[in-house]
Amino acid sequence: MAVHTTTAESLVEEVFLFGRALRRAVITTDDEDSPLPQALTGVLAILATEGECRQTDLANRLCVSQSALSRQIADLVDLGYIDRTPDPDDKRASRVCVSATGQHKLAIIWDYRAQRLREMLSDWSETEARTALDSIRKLNNTFNEDAQDLAHLKLIAR
């Protein structure tokens, strides 16, 4: 049975509100002297997940312009969180990867976020938390399937 329009509309609204609330809840304040801006944290986290890659591939993965990513990469290189090397296959391009310092910074951020969320969910049972996790995973899988379908359609349209 299909989901009603009003339910879908409410779900869209709640997902957006949830995204905002989650960002506020786990905003990175892992150390007062050098907090990492959210945008840079996101780039670092995606790069850690993806592994070494070309900047152009990372920009596509993040759905950002090359120029915006280039500035963020430069900031992360300056901080010592990312290593940038020439691409051996294309000397005009460069490859980036998370440095050991960047991996350490991410570990601190992820530990902070997990602890913060544990504190916020202190009155939840493990069952309630796992049920929420299952629902969020199901939504992510559904949204990602749709995104892959759209990407496939764009390729066909070319």
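What you are looking at is a predicted structure, and each value in this text was computed from that prediction instead of being measured.

A. The arrangement of the pattern of salt bridges in detail. Scanning the model with the defined rule gives 7 salt bridges in all. Close ionic contact of R61 with E50 constitutes a salt bridge, the shortest N to O distance being 2.8 Å. Remark: E50 occurs in helix α2 (residues 38–50) and R61 occurs in helix α3 (residues 55–62); sequence separation between them is 11 residues. The class of R61 is partly exposed, set by a relative accessible area of 44%. R92 is the partner of D90 in a salt bridge, and the nearest nitrogen-oxygen pair spans 3.0 Å. D90 gets classed as buried once you look at its relative accessible area, which sits at 17%. Taking the relative accessible area as the measure of exposure, R92 reaches 78% and is therefore exposed. One network of salt bridges, in which partners are shared, links E52, R54, D87, D90, R92 and R95.

B. Spotlight on a nonpolar patch on the surface. On the surface, F18, L22, L117, M120 and I136 cluster together to form a nonpolar patch covering roughly 400 Å² of accessible area. When contributions to the nonpolar patch are tallied by element, the ones reaching two or more residues are α1 (5–25) and α5 (100–120). Within the secondary structure layout, M120 lies in helix α5.

C. Just the pairing of strand β2 (residues 82–87), in detail. Direction of pairing for β2 relative to strand β3 (residues 90–98): antiparallel, over a ladder of 6 bridges. If you follow D87 over to β3, its bridge partner there is D90. If you look at the hairpin formed by β2 and β3, you'll find 2 residues sitting between the two strands.

D. Expanded view of the confidence of the model for the protein. For the protein, mean pLDDT is 85; residues scoring 70 or higher make up 87% of the total. Confidence, expressed as mean pLDDT per element, reaches its minimum in the protein at helix α6 (residues 126–157) with 75 and its maximum at helix α4 (residues 66–79) with 93. Long-range and interchain partners of residues 150–158, a stretch whose pLDDT sits below 50, account for 0 contacts in this model, where long-range means more than four residues apart.

E. How the structure looks around α2. A rise of 1.5 Å per residue sets the reference length of α2, with its 13 residues, at 18 Å; its end C-alpha atoms lie 18 Å apart and thus fit the reference within 8%. The complete set of buried residues in α2 reads L40, T41, V43, L44, A45 and L47. Buried residues belonging to α2 abut β1 (53–54), α3, α4, β2, β3 and α5. Positive backbone phi, approximately 85 degrees, marks G51, located one or two places after α2.

F. View of the sheet that holds β2. Read from one edge of the open sheet, 3 strands run β1-β3-β2, paired in antiparallel fashion. Each edge of the open sheet is held by one strand with a lone partner, namely β1 and β2. Packing against the sheet, α2 makes contact with β1, β2 and β3, and its axis sits at approximately 95 degrees to β3.

G. Examining the packing of α3 against α4 more closely. Two elements in contact, α3 and α4, have axes separated by 9 Å at closest approach and are oriented at 110 degrees. Classified by the interaxial angle, the pair formed by α3 and α4 is roughly perpendicular. In terms of crossing hand, the pair formed by α3 and α4 is right-handed. On α4, the residues that touch Q55, T56, L58, A59 and L62 of α3 are Q66, L69, S70 and I73.

Cut-offs and rules
Residues numbered from 1 in each chain as written. Predicted model: local features only at pLDDT ≥ 70, side-chain atom pairs only at ≥ 80, totals over all residues. Heavy atoms only, no water. Salt bridge = Lys/Arg side-chain N within 4 Å of Asp/Glu carboxyl O. Helix = DSSP H or I, 4+ residues; strand = E, 2+ residues; numbered from the N terminus. Buried < 20%, exposed > 50% of the residue type's maximum accessible area, 1.4 Å probe, protein only. Patch = residues over 30% accessible without salt bridge, like charges linked within 9 Å, V, L, I, M, F, W, Y side chains within 5 Å. Areas by Shrake-Rupley, 256 points an atom, 1.4 Å probe, with all protein chains shown as cover. Pairing = 2+ DSSP bridges. pLDDT = per-residue confidence, 0-100. Contact = heavy atoms within 4.5 Å. Expected span 1.5 Å × (residues − 1). Axes fitted to C-alpha atoms, helices over the stretch in contact; angles between N-to-C directions. Parallel < 35°, antiparallel > 145°, perpendicular 65-115°, else oblique. Left-handed = near helix turned anticlockwise from the far one by under 90°.

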